[in-house]
Amino acid sequence: MSAHILVFDSGLGGTTVLEHIQRALPDAQFSYFMDNAYLPYGKQSQQTIINRLSALLEFIAVNQLAVDIIVIACNTASTAALSAVRKLTDIPIVGVVPAIKPATLVTQTKHIALLATPATIQSSYTKQLINEYAAGVTVHLYASVELVTIAEQAYLNKQLGQNRLTAELNELAIHPNVDVMVLGCTHFPILADGINSYFNKTVVLLDSGAAIANRVVTLLAGQKVSFTGKKKPLHYYATASICIDKQLVELVTLIDLTQNEKS
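From a predicted model like this one, the values you see are computed outputs, not experimental measurements.

**A word on the pairing of strand 7 (residues 180–183)**
- Burial of the side chains of strand 7 extends over both faces: V180 and V182 are buried on one face and M181 and L183 on the other.
- Bridge count between strand 5 (residues 111–116) and strand 7: four bridges; the pairing is parallel. Paired with I112 across the two strands is V180, which belongs to strand 7.
- Strand direction decides the pairing type here: strand 7 and strand 8 (residues 204–206), joined by three bridges, are parallel. Within strand 8, the residue paired with V182 across the bridge is L206.
- A crossover connection joins strand 7 to the parallel strand 8 through helix 9 (residues 192–198); in handedness this β-α-β unit is right-handed.

Spelled out as C-alpha cells, the structure:
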C-alpha cells in the first residue's frame, strides 16, 4: 500500500504545504482535512485547538484510516497544540513553525518581520524561537486574521483582492527597515504575489513549505511504506461545506470536544 499522508489545516492555507509535499512525493496517497467550521484558528483558544486536533485523531481511529504521517499544516495549531497531540497517538506528526532562524540568516538590515495570526504571535513557542535564534536581530511582530480571510477568498475565487490586501498591509504599518518577512501562517503564501507587489519585491518572503516536505521525506524513509503503484486521487474532507474547483468536498463532522474546554 502506498504511503498515506494526511495534511491538516483550519482552512485552505495548508494546501501551500501540501503542494510542496506532493512535488517531493508524487506517488504517495494524500488526504486533506480542514476544520473550516472553526476558521480562523487564530481566533481560537489553545484548549479549543487541542480539542479539535484530538477530535481529528479520534476520527482517524474510529474510521480506521491507515495514516502513515500527519502534517499539521497550520502555524497556529502547531505552536499551540503540537506537543499535546503528539502524546495522544503513535502516528508521526510534523508541525509547521515560523521560519525565524532562516530569516535571521538572510537579513541584511537585521530587521525581520513575522506576519502571522494573533495566536501564533502570542505563543510561547514563537517567543522561544525568537529568543533562541534571533540574537542581534530585531523581530517585528504583526498579527492579522483579515489576511486569512483574504487568502481563502483568493484561493476559491482564483483572484486576489489586491485593494483589500493593500489596505490590511497599510493598517499593519510594516517597519521600513524590514528586508525579510516570515509568512508565519500557511495561508499567507497564497498572497505572496500580492505581498511582493506591495513591497515592489524589496522584501524577501520566507515560508516553511519546502522544509516541511523535506522533513516528511526523511520520516517516511525510516518507515516500511511503499511509493509504487497507481497514483490515487487527493481526497478533501471538511467540517463545513466549501467549494473547491466547483466541486463540493466530501463532508465530515469531526467530534466536537469543545464543550469540555476549561474556562
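**Concerning the packing of aromatic side chains**
- Scanning all chains against the criterion turns up five aromatic pairs.
- Between F33 and Y237, the ring centres sit 4.4 Å apart and the planes meet at 15°, which makes this aromatic pair stacked. Of the two residues, F33 is situated in strand 2 (residues 29–34) and Y237 in strand 9 (residues 235–238); the sequence distance between them amounts to 204 residues.
- Judged by relative accessible area, which is 13%, Y237 ranks as buried.

**Thoughts on the nonpolar core**
- In terms of nonpolar packing, the biggest core is built from 26 residues, with I5, V7, I21, M34, V71 and V216 touching the most fellow members.
- Elements supplying a minimum of two residues to this core: strand 1 (4–9), helix 1 (15–24), strand 2, strand 3 (69–72), helix 10 (209–221) and strand 9.
- Of the residues forming this core, the biggest block, four residues, is contributed by helix 10.
- Grouped together as the second largest cluster of nonpolar side chains are 25 residues, L56, I72, L82 and I93 included.

**What about the pattern of salt bridges?**
- Enumeration over the complete set of coordinates arrives at two salt bridges.
- Salt-bridge contacts for R52 lead to D35; the nearest nitrogen and oxygen are separated by 2.8 Å. Of the two residues, R52 is situated in helix 2 (residues 46–62) and D35 in the loop between strand 2 and helix 2; the sequence distance between them amounts to 17 residues. Of the two residues, R52 and D35, both sit in the buried class.
- Between R164 and E146 there is a salt bridge, with its nearest N and O atoms 2.5 Å apart. Linking R164 in helix 8 (residues 162–172) with E146 in helix 7 (residues 146–157), this pair joins segments that are 18 residues apart in sequence.
- By relative accessible area, R164 is classed as partly exposed at 33%.
- Of the residues examined, E146 reaches a relative accessible area of 26% and is grouped as partly exposed.

**Description of unusual backbone geometry**
- In this chain, L39 is followed by P40 through a cis amide linkage whose omega measures -5°.
- Considering the arrangement of structural elements, one finds P40 in the loop between strand 2 and helix 2.
- A positive phi angle, close to 55°, is found at N200, a residue other than glycine.
- Mapping N200 onto the fold places it in the loop between helix 9 and strand 8.

**Focus: the sheet that holds strand 5**
- A sheet is described by the order of its strands in space; here four strands give the open sequence 6-5-7-8, paired in parallel fashion. Only two strands of the sheet have a single partner each, and these edge strands are strand 6 (138–143) and strand 8. Between one strand axis and the next, the sheet turns by 25° as a mean value, whatever way the strands run.

**Concerning the packing of helix 1 against helix 10**
- Where helix 1 meets helix 10, the closest approach of the two axes is 8 Å, and the angle between their N-to-C directions is 45°. Compared by their axis directions, helix 1 and helix 10 come out oblique. The chirality of how helix 1 crosses helix 10 is right-handed. When helix 1 is examined against helix 10, the residues V17, H20, I21 and A24 are found in contact with a partner set consisting of G209, A210, I212, A213, V216 and V217.
- When its residues are assigned to classes, the contact of helix 1 with helix 10 shows eight nonpolar, two polar and no charged.

What counts, and where the lines are drawn
Residues numbered from 1 in each chain as written. Predicted model: local features only at pLDDT ≥ 70, side-chain atom pairs only at ≥ 80, totals over all residues. Heavy atoms only, no water. Buried < 20%, exposed > 50% of the residue type's maximum accessible area, 1.4 Å probe, protein only. Helix = DSSP H or I, 4+ residues; strand = E, 2+ residues; numbered from the N terminus. Pairing = 2+ DSSP bridges. Right-handed = clockwise from strand over helix to strand, strands pointing away. Phe/Tyr/Trp six-rings, centres within 6.5 Å; stacked < 30°, edge-to-face > 60°. Core = buried A, V, L, I, M, F, W, Y, C linked by side-chain atoms within 4.5 Å. Salt bridge = Lys/Arg side-chain N within 4 Å of Asp/Glu carboxyl O. Axes fitted to C-alpha atoms, helices over the stretch in contact; angles between N-to-C directions. Parallel < 35°, antiparallel > 145°, perpendicular 65-115°, else oblique. Left-handed = near helix turned anticlockwise from the far one by under 90°. Contact = heavy atoms within 4.5 Å. Nonpolar A, V, L, I, M, F, W, Y, C, P; charged D, E, K, R; others polar.

Interpretation in functional terms is not warranted from these geometric data alone.
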